[in-house]
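Tertiary structure, described
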Amino acid sequence: MDIDRLIKKDEVHRDVYVSEEVFSLEMDRIFGSAWIYVGHDSQIPNPGDYWTTRIGLQSVVMTRGKRDEINIFYNRCPHKGARIAEEGCGHTNGLFRCPYHAWTFNLDGKLRGVPYLDGYQDTSFDLTDPRFSLRKVARVAAYRGFVFASLAEDGAEFEDFLAGVKSSLDNFCDRAPEGTVSVAGGVFRVVQRSNWKIFFENLNDTGHPIATHESSYRAARQYSEEVLDGELPFELHIIDGNGAPPKFWSDLDLHAFDYGHSYMTAIFNAPDDPLSQQYFASLAAKVGEDRAEDILAVNRHNTIIYPSCSPHTSFQQWRVIRPLSVDRTLVEIFTFRLDGAPDELLQRTFTYSNVVNSPSSIVMTDDVHVYAECQKGLSTQGGDWVSQHRNAGQDQPYSGSEGGLIGVGTSELPIRNQFRAWHEYMSEGSGQSVSPEAS
Ligand SMILES: [Fe+2]
């Protein structure tokens, strides 16, 4: 496939969203090589705990081994191919047993036992041959409990891959008085009827809220005026925010980095209420008031860790993006507890997730609707190219310590940045993208 045909400096061909052939190549060249988020180590606190998810279209199992190590292997019995663990989380008492013929495996994936072993005499079967054990994924790495894997032996080092957005993961955890976070509650799941890249583009797209979310912020304002005498409690405040005037959005900062990553500065502040004060006291008691102020001064909206996840550092929410097919995308929404913080703070995180991103949210439904409309429109013969022109050529190198590029809040910088990485991966490169000035 001629990848260069699909992408220009500030436009992409509609085939990147609608072609089955492109999707299948993405599964191979992007999801088959990039560092993909698998899960958080708090999901598997004890040896034998496991979490089953997917990397691209590959079903994988993340489990904690006897020596507390984290193992990730393909979810495929080497005998007949059955999956050895169902999707979701679970616990096994020291071994995995295939549901089909009861082959058993240690927590590190090594084959332990096979029924009717005598029958394998004088065959090429060998209990110790790795091809009869569960196959491990090529590379596993973790940072502050967030576990990623790459299906490729070679490629970018995890440290290099993460560098641009490492500060977001630090802030995510530094906000906890204990310095660690844990997954809390279950997981929201939303299947979007659109290509996975449409969701990624939206995460730092500040040009859309005023239009897309008009129905929800108007409803919030109407409810406030007619029922609450003009008061805006936290739940309504975060819906109302999407109706901020254009200048508010363009005054935000967008930061973009190699490998398609980016983040935008915050659009919501936590309310200054007794709970926030209690939380600040719990953090300051551990790290000191000055440090606590510095930590909370880092206030970001969505961070993008391309191509698999998006943490929201200020409200401890983590979204995972799993492509299902060219026009179906699963988004999973996890909420985290700040270890050592007041319990009520977790309630605020749940409130944020419920109001903004859960399947019952009136905000998320606005987005999911327009993503599906894009997918439908892109499938027509109404035009071949998709514009990414807004503020193109105006992105500047950022002089701060993080480096990368900076753009005005309403720039399409993050989208162009994702497609530079996309092009690099699809051309069988490592995904590290060069700056637009150099390209
Ligand atoms: Fe939105």
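Figured I'd write up the structure that's included with this text. Within any chain, residue numbers begin from 1 and follow the written order of that chain's sequence. Given that this is a predicted model, residues contribute local features only at a pLDDT of at least 70 and side-chain atom pairs are listed and counted only at 80 or more, while totals for whole chains, interfaces and linings are drawn from all residues. By convention in this description, side-chain values take in all heavy atoms of the structure and omit both hydrogens and water.

Labels follow the DSSP assignment, with helices taken as runs of H or I lasting at least four residues and strands as runs of E lasting at least two, numbered in each case from the N terminus. In terms of helices and strands, the protein carries 14 helices and 21 strands. In terms of overall dimensions, the protein is globule-like: its C-alpha atoms have a radius of gyration of 23 Å, near the 22 Å expected for 439 residues. Under the scheme applied here, a residue whose accessible area is under 20% of the maximum for its type counts as buried, over 50% as exposed, and between as partly exposed, the area being computed with a 1.4 Å probe on protein chains only. Burial status across the protein gives 56% buried among its 439 residues. Taking the intrachain contacts of the protein between residues at least 6 apart in sequence as the baseline, contacts between residues at least 24 apart amount to 64%. For accessible areas, the Shrake-Rupley method is used with a probe of radius 1.4 Å. Any residue's cover is judged against the shown protein chains and nothing else. Put simply, the protein shows about 19200 Å² of open surface, and 47% of that area lies on carbon and sulfur atoms. One finds the centroid of the 40 positive side-chain charges in the protein at a distance of 6 Å from the centroid of its 61 negative side-chain charges. For a compact globule the rule gives 2.2 Å times the number of residues to the power 0.38, and the radius of gyration it is set against comes from C-alpha atoms. Any two residues whose heavy atoms approach within 4.5 Å are treated as being in contact. By the counting scheme adopted, Arg and Lys are positive, Glu and Asp are negative, and His together with the chain ends is not counted. Positions of charges follow a simple convention, taking NZ of Lys, CZ of Arg, CG of Asp or CD of Glu.

Ranked by size, the top nonpolar core spans 84 residues in total, and within it Phe146, Phe148, Trp196, Trp318, Phe336 and Trp422 carry the most contacts. The greatest single-element share of this core, amounting to six residues, is contributed by helix α14 (residues 413-426). These domain boundaries are the output of an automatic or database domain assignment. Each of two domains, domain 1 (36-143) and domain 2 (163-426), supplies a minimum of three residues to this core. Beyond its immediate stretch of four places on either side in the chain, Phe336 contacts Tyr37, His40, Phe146, Phe172, Val181, Ser182, Val183, Ala184, Gln316, Trp318, Leu346 and Thr349. Working definition of a nonpolar core: buried Ala, Val, Leu, Ile, Met, Phe, Trp, Tyr and Cys residues. They are joined through side-chain atoms within 4.5 Å.

Only His208 (NE2), His213 (NE2), Asp367 (OD) and Asp367 (OD) from the protein coordinate the iron ion, and they sit 2.0 to 2.7 Å from it. Sodium, potassium and calcium take a 3.2 Å donor cutoff, other metals 2.8 Å, and in both cases only N, O and S atoms count; water is not among them, so sites may look incomplete. In short, tetrahedral needs four donors with all angles between 85 and 135 degrees, square planar needs four and octahedral six donors with opposite donors over 155 degrees apart and all other angles between 65 and 115, and whatever is left is irregular. Coordination at the iron ion is irregular, judged from the four donor atoms that bind it and the angles of 52 to 149° they form at the metal. Within one chain, the residues serving as donors to the iron ion are arranged as H-x4-H-x153-D. Here His213, found in the loop between α6 (209-212) and α7 (214-227), pairs with Asp367, found in helix α13 (residues 364-378); they are 154 residues apart in sequence, far enough to count as distant.

The next point concerns the pattern of salt bridges. The rule for a salt bridge is simple: a side-chain nitrogen of Lys or Arg has to be within 4 Å of a carboxyl oxygen of Asp or Glu. Counting across every chain of the model gives 27 salt bridges. Across the pair Arg328 and Asp327 runs a salt bridge, and its minimum N-O distance is 3.8 Å. Taking the relative accessible area as the measure of exposure, Arg328 reaches 29% and is therefore partly exposed. Assessed through its relative accessible area of 31%, Asp327 is described here as partly exposed. Two residues, Arg390 and Glu412, come together in a salt bridge whose shortest N-O distance is 3.5 Å. Of the two residues, Arg390 is situated in the loop between β19 (385-387) and β20 (396-397) and Glu412 in the loop between β21 (405-408) and α14; the sequence distance between them amounts to 22 residues.

Pairing in this open sheet of four strands is antiparallel, and the strands run β5-β4-β3-β6 from one edge to the other. Edge positions in the sheet fall to β5 (70-74) and β6 (88-91), since each has one partner strand and no second. Pairs of neighbouring strands in the sheet enclose a mean axial angle of 25°, with direction left out of account. Strands were regarded as paired on the criterion that DSSP finds at least two bridges between them. Relative to β5, strand β4 (residues 58-64) is paired through five bridges, and the arrangement is antiparallel. Paired with Val60 across the strands is Tyr74, a residue of β5. The convention used is that axes are lines fitted to C-alpha atoms, helices contributing only their stretch in contact, and that angles between N-to-C directions extend from 0 to 180 degrees.

Before going further, it helps to spend a moment on the packing of aromatic side chains. Think of it this way: a Phe, Tyr or Trp ring, Trp meaning its six-membered ring, pairs with another when their centres are within 6.5 Å, and the plane angle makes it stacked under 30 degrees, edge-to-face over 60, tilted otherwise. Inspection of the entire model under this criterion finds 30 aromatic pairs. Pairing Phe125 with Phe132 gives two aromatic rings, centres 4.7 Å apart and planes at 55°, and the pair type is tilted. Across this residue pair, the class does not change: Phe125 and Phe132 are buried. With 5.7 Å between their ring centres and 75° between their planes, Phe172 and Trp318 make a pair best called edge-to-face. Of this pair, Phe172 sits in helix α4 (residues 166-174) while Trp318 is found in strand β17 (residues 317-325), placing the two residues 146 residues apart along the sequence. Judged by relative accessible area, Phe172 falls into the buried class, the value being 0%. Of note, Lys8 hangs over the ring of Trp385, and the distance from its end group to the ring centre comes to 4.0 Å. Put simply, a charge is over a ring when the Lys NZ or the Arg CZ is close to the ring centre, within 6 Å, and near the line of the ring normal, within 35 degrees. Sitting over the ring of Phe234, Arg348 keeps its end group 5.7 Å from the ring centre.

This paragraph deals with the pairing of strand β13 (residues 253-256). When β13 meets β21, the two strands line up antiparallel, connected through four bridges. Directly across from His255, in β21, lies its bridge partner Ile406. Here β13 folds back onto strand β14 (residues 262-265) in antiparallel fashion, the turn holding five residues, of which Tyr259 has a positive phi close to 65°.

Right, let's talk about unusual backbone geometry for a bit. Cis geometry is found at the peptide bond from Tyr306 to Pro307, where omega equals 5°. Considering the arrangement of structural elements, one finds Pro307 in the loop between β15 (300-304) and β16 (309-312). Even without being glycine, Tyr116 reaches a positive phi, approximately 60°. Relative to the elements of secondary structure, Tyr116 occurs in the loop between β9 (111-113) and β10 (139-143). For Tyr116, a relative accessible area of 74% corresponds to the exposed category. One non-glycine residue, Asn391, lies in the positive phi region at around 60°. Here Asn391 lies in the loop between β19 and β20.

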